[in-house]
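What follows is each chain in one-letter form.
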Amino acid sequence: MSEGRLRKLILGDAQADRVVPPSGFTAQLTLFVSGAMAFLAVFALALSMASGRLADQWAEELARAATLRINAPAEQRTAQTEAALEILRQTPGVATARALTGEEQAALLAPWFGASVPVGDLPLPQLIEVTGDDAGYDAQGLRLRLQAEVPGAVLDDHTRWRAPLVDAAHALRRLAWVSILLIGGATAAMITLAANAALAANAQVIEVLRLVGALDSYIAQAFIRRFTLRALTGAAAGVVLGMIGVWLMPEASDEGGFLTGLGFQGWGWLVPLLIPPLGALVAFAATTRAATKRLGELS
Amino acid sequence: MIELENVGYNYGGGELLNAVSVQLAPGSFHFLTGPSGAGKTTLLKLCYGALNPTAGRVRAFNMDVHGLDRDQMAYLRRRVGVVHQDCRFLDHLPVIENIALPLLVSGRELSHEEANLQELLNWVGLSERAHALPPELSGGERQRAALARSVILSPDVIIADEPTGNVDWEMSQRLLQLLVELNRMGKTILVATHDLSLIRAAKNQVQARVLRISNRQLQLAGADL
């Protein structure tokens, strides 16, 4: 498209616009649908960005943290704990290793047993909290060494429940992207239908314009401009409402779990602003295709 | 200007025109007559490319009309002013904008043409009605507006299909007068009509030739009118 045509499309030609009669109700429907689609797109986008963030966060946090559990008879427990801590201190890649105190272990169990049960009297295994540094440690090697020297130690690096969580977050992000693509496709289909309806309803106008020597491109532009601007306006309104909706969601917090993390962060707030221009682009392409096809069929 | 060479037209149900050959020379004035349904409108449509002949060739401005693409066809329409039988206006725009429509779609700057437009409105006697909508016009006013629209781009050829079909004798005289004036300015005119008295009236003012469609053929009907 030439620069002149693009400028004409954006700035418009007030007189050329009047050539096609105004269509109140259809125009409002187009506005409404593109607004609703943009609104949904904002949420799909928020979901995709939040689940991506969650996947990365979980993968990173869980990769670093591990728990060492020492199951030993009461008289050997202290000795084995000391031995295990010694091994952990020598292991490259382990940043800190700390045995949990009796009170901390009791606090962890409180949700299950209640505060009144004397947890301290139970033969509990000793827990050691292990935090890896950025480089990480060799879990398999550590496991083998512990097996030889501290028979009661079981290393849990959380892989078992980390992998499905990260997979779930990735799947959620994929679903969100598929939704965004579907929303785009549905918008294109809807605009194509509306443009075809408008072209059919204005068949007489098109005939008169052809009769007085209008080029197909001139006629098409009158329709393309209309639908592009409607999609742009509708999508802008939808995005504003969608962003307000996302903004009103509670702040991310530990108590709320992952649900409250839905939303945009930092530069992420700028991404939904791409939806209106993209919606306009979709409408432009859909109307251009519909108009070219329709006008080509006329004599 | 426009040349038909052995043109035949078959609309599927049968042959309407057969071996029609005619030349519209620059500056000529032709009437096209014949009974209803004889193919007058079809022949006019063949001349301005709204229909393609099923046999023979149509040449306009030395171009084969059949080979033109849609854009070239649009440019051809700008050089041939057509007054349609039922006028064909954009009913949501006032008369003045309908008359200016060819200027608008061909990308002319309307503000430069303001004076021409006013003059043209005066010439067809529609200055008072400039801002009326087409459905509010009388039959004669519609025909005059259609004529004004057909000449606004100053085409070389003007084709009118029954321009006096719905108007009284006085109004048809006035329309004829306008066509005669255009012919004196050097325009090539082709008018389809079944109104023989109109043709007789024209013969007093202009060197008009009469073409008659009869039995699917085109004949030059000369002095017998």
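Up top is the structure.
Within every chain, residues take consecutive numbers counted from 1 along the sequence as written. As a convention, the first chain written is A and the first ligand written is 1, with the rest following in written order. Only residues with pLDDT of at least 70 are given local features in this predicted model, and only at 80 or more are side-chain atom pairs given and counted; all residues enter the totals for whole chains, interfaces and linings. Side-chain metrics rest on all non-hydrogen atoms present in the structure, leaving aside hydrogens and water.

S.K.: Would you take a moment to explain the overall build of chain A for this structure?
M.R.: Counting from the N terminus, the helices are DSSP H or I runs at least four residues long and the strands are E runs at least two residues long. For chain A, the helix and strand inventory stands at 10 helices and 4 strands. Secondary structure of chain A in N-to-C order comes out as α-α-α-β-α-β-α-β-α-β-α-α-α-α. For the exposure calls, accessible area comes from a 1.4 Å probe over protein chains only, and a residue counts as buried if that area is under 20% of its type's maximum, exposed if over 50%, partly exposed in between. Buried residues in chain A amount to 38% of all 299 residues. Long-range pairs, those at least 24 residues apart, make up 84% of the contacts in chain A between residues at least 6 apart in sequence. Of the accessible surface of chain A, which amounts to about 16600 Å², a share of 65% is contributed by carbon and sulfur atoms. Whether two residues are in contact is decided by their heavy atoms, any of which lying within 4.5 Å being enough. Per-residue accessibility takes into account occlusion by the displayed protein chains alone, with areas from the Shrake-Rupley method and a 1.4 Å probe.

S.K.: So what exactly am I meant to see when it comes to the packing of aromatic side chains here?
M.R.: Residue and element names in this part refer to chain A. Geometry of aromatic contacts follows a simple scheme: Phe, Tyr and Trp rings, the Trp one being its six-membered ring, pair when their centres are within 6.5 Å, and the pair is stacked under 30 degrees between planes, edge-to-face over 60, tilted otherwise. Following the criterion strictly, the structure yields 3 aromatic pairs over all chains and no others. An angle of 65° between the planes, with centres 5.2 Å apart, marks the rings of phenylalanine 39 and phenylalanine 43 as edge-to-face. Placement of the pair is phenylalanine 39 and phenylalanine 43 together in helix H3 (residues 24–64), with a separation of 4 residues, close to one helical turn. Each ring is checked for a lysine NZ or an arginine CZ that lies within 6 Å of its centre and within 35 degrees of its normal; such an atom marks a charge sitting over the ring. Above the plane of the ring of phenylalanine 227 lies arginine 230, whose end atom (NZ or CZ) is 4.9 Å from the centre.

S.K.: I keep staring at the interface of chain B and chain A and nothing clicks. Help me out?
M.R.: Size of an interface: often given as the accessible area lost when the parts come together. Listed as interface residues are 22 residues of chain B and, on the opposing side, 22 residues of chain A. By definition here, a salt bridge exists when the distance from a side-chain nitrogen of Lys or Arg to a carboxyl oxygen of Asp or Glu is within 4 Å. At the surface where chain B touches chain A, the tally comes to 2 salt bridges. Across the salt bridge formed by arginine 70 of chain B and aspartate 216 of chain A, the nearest N and O atoms sit 2.4 Å from each other. Polar contacts here mean pairs of N or O atoms no more than 3.5 Å apart (in protein, one a potential hydrogen donor and the other a potential acceptor; neighbouring residues in sequence count only if both atoms are side-chain atoms). Between chain B and chain A we count 7 residue pairs in polar contact (both at pLDDT 80 or more) in total. Listed by contribution, the elements that provide at least two residues to the side of chain B that touches chain A are helix H2 (70–79) and helix H4 (101–105) of chain B. Here the element with the most residues in the side of chain B that touches chain A is H2 of chain B; it accounts for 7 residues. Basically, the charged four are Asp, Glu, Lys and Arg, the nonpolar ten are Ala, Val, Leu, Ile, Met, Phe, Trp, Tyr, Cys and Pro, and anything else, Gly included, counts as polar. Residue classes in the side of chain B that touches chain A are distributed as 13 nonpolar, 2 polar and 7 charged.

S.K.: In this structure, what is going on with unusual backbone geometry? I would like to understand it.
M.R.: Residues other than glycine predominantly adopt negative phi, and peptide bonds predominantly adopt the trans conformation. Residues and elements named next belong to chain B. For asparagine 62, which is not a glycine, the phi torsion comes out positive at approximately 65°. Positionally, asparagine 62 belongs in the loop between strand E4 (55–60) and strand E5 (63–64). The residue glutamate 162 is not glycine, and still its phi comes out positive at about 45°. Among the secondary structure elements, glutamate 162 is positioned in the loop between strand E7 (157–161) and helix H7 (169–184). For glutamate 162, a relative accessible area of 8% gives the class buried.

S.K.: Looking at this structure, I do not really get the sheet that holds strand E3 (residues 126–132) of chain A. What am I missing?
M.R.: Where strands meet in a sheet, backbone hydrogen bonds hold them as pairs that are either parallel or antiparallel. All names here are of chain A. The 4 strands lie next to each other as E2-E3-E1-E4, forming an open sheet whose pairing is antiparallel. The open sheet has two free edges, formed respectively by strand E2 (94–99) and strand E4 (153–156), since each of these has just one partner strand. Each strand of the sheet is rotated relative to its neighbour by a mean of 20°, with strand direction disregarded. By definition, two strands form a pair when at least two bridges between them are found by DSSP. Note that strand E1 (residues 65–70) and E3 share 6 bridges and pair antiparallel. Within E3, the position partnered with leucine 68 by the bridge is isoleucine 128. To get an axis, fit a line to the C-alpha atoms, keeping to the stretch in contact for a helix; angles then go from 0 to 180 degrees between the N-to-C directions.

S.K.: Is there a simple way to think about the environment of alanine 60 of chain B in this case?
M.R.: Residue and element names in this part refer to chain B. By secondary structure assignment, the location of alanine 60 is in strand E4. For alanine 60 and cysteine 47, which are 13 residues apart along the polypeptide, the C-alpha to C-alpha distance reads 7.6 Å. Not counting chain neighbours up to four residues away, the residues in contact with alanine 60 comprise Met1, Ile2, Val65 and Leu76.

S.K.: Help me out: how do you make sense of a nonpolar patch on the surface in this one?
M.R.: Residues and elements named next belong to chain A. What goes into a patch is any residue over 30% in relative accessible area without a salt bridge, connected to like charges within 9 Å or, for nonpolar side chains (Val, Leu, Ile, Met, Phe, Trp, Tyr), within 5 Å. A grouping of Phe39, Leu40, Phe43, Val240, Leu241, Ile244, Trp247 and Leu248 is seen on the molecular surface, where their side chains present a nonpolar patch of about 790 Å² in accessible area. Among the structural elements, leucine 40 can be located in helix H3. Under the relative-accessibility criterion, leucine 40 is labelled partly exposed at 46%.

S.K.: Honestly, helix H8 (residues 203–211) of chain A in this entry has me stumped. Any pointers?
M.R.: For the α-helix, the turn length of 3.6 residues means that residues three or four positions removed from each other point alike. Buried residues of H8 of chain A: Val205, Ile206, Val208, Leu209, Arg210 and Leu211 of chain A, and no others. For H8 of chain A, the secondary structure elements touched by its buried residues are helix H7 (159–201), helix H9 (216–247) and helix H10 (275–297) of chain A together with H2, H4 and helix H6 (139–151) of chain B. The positive-phi residue at the C-terminal boundary of H8 of chain A is glycine 213 of chain A, with phi of around 95°.

S.K.: Mind showing me how you'd approach the environment of alanine 148 of chain A here?
M.R.: All names here are of chain A. Take alanine 148: it is sitting in helix H6 (residues 139–149). Note on alanine 148: relative accessible area 65%, which makes it exposed. When the C-alpha positions of alanine 148 and leucine 295 are compared, they lie 82 Å apart, and in sequence the two are 147 residues distant.

S.K.: How should the sheet that holds E7 of chain B be read in this particular structure?
M.R.: All names here are of chain B. Pairing is mixed in the open sheet, where 6 strands are placed in the order E6-E7-E8-E3-E9-E10. Each edge of the open sheet is held by one strand with a lone partner, namely strand E6 (80–83) and strand E10 (217–221). The mean inter-strand angle of the sheet, taken between neighbouring strand axes irrespective of direction, is 20°. When E7 meets strand E8 (residues 188–192), the two strands line up parallel, connected through 5 bridges. Across the sheet, isoleucine 158 pairs through a bridge with isoleucine 189, a residue of E8. Packing of helix H1 (residues 40–47) onto the sheet brings it into contact with strand E3 (29–33), E7, E8, strand E9 (208–214) and E10, and relative to E7 it is tilted by some 155°. With respect to the sheet, H6 is in contact with E6 and E7, its orientation differing from that of E6 by roughly 170°.

S.K.: Is there a simple way to think about the state of the cysteines in this case?
M.R.: By definition, a disulfide links the sulfur atoms of two cysteine residues through a covalent bond. Residue and element names in this part refer to chain B. Pairs of cysteine sulfur atoms within 2.5 Å are identified as disulfides in what follows. Counted by the stated rule, this structure contains 0 disulfides over all chains. Free of any disulfide, cysteine 87 has its nearest neighbouring cysteine sulfur in cysteine 47, separated by 19 Å. With a relative accessible area of 2%, cysteine 87 lands in the buried category.

S.K.: Explain the environment of alanine 46 of chain A here, please?
M.R.: Residues and elements named next belong to chain A. Its location among the elements puts alanine 46 in helix H3. Distance from alanine 46 to valine 271, taken between C-alpha atoms, is 9.5 Å for residues 225 residues apart in sequence. Excluding residues within four positions of it along the chain, alanine 46 makes contact with Val246, Leu262, Gly263 and Phe264.

S.K.: Can you walk me through the packing of H9 of chain A against H10 of chain A in this structure?
M.R.: The angle between the axes and the distance between the axes are what describe a pair of packed helices. Residues and elements named next belong to chain A. Taken N-terminus to C-terminus, the directions of H9 and H10 make an angle of 155°; their axes are 8 Å apart at the nearest point. By the angle class used here, H9 and H10 are roughly antiparallel. Between H9 and H10 the crossing geometry is right-handed. Each of Asp216, Ile219, Ala220, Phe223, Ile224, Phe227, Thr228, Ala231, Leu232, Ala235, Ala236 and Val239 in H9 lies in contact with H10, whose residues at this interface are Ile275, Pro276, Pro277, Gly279, Ala280, Ala283, Phe284, Thr287, Thr288, Ala291 and Leu295. Taken together, the residues of the contact of H9 with H10 sort by class into 18 nonpolar, 4 polar and 1 charged. Should an angle fall under 35 degrees it is called roughly parallel, over 145 degrees roughly antiparallel, and 65 to 115 degrees roughly perpendicular, with every other angle called oblique. Put simply, a crossing is left-handed when the front helix is turned counterclockwise from the back one by less than a right angle, and right-handed when it is turned clockwise.

Interpretation in functional terms is not warranted from these geometric data alone.
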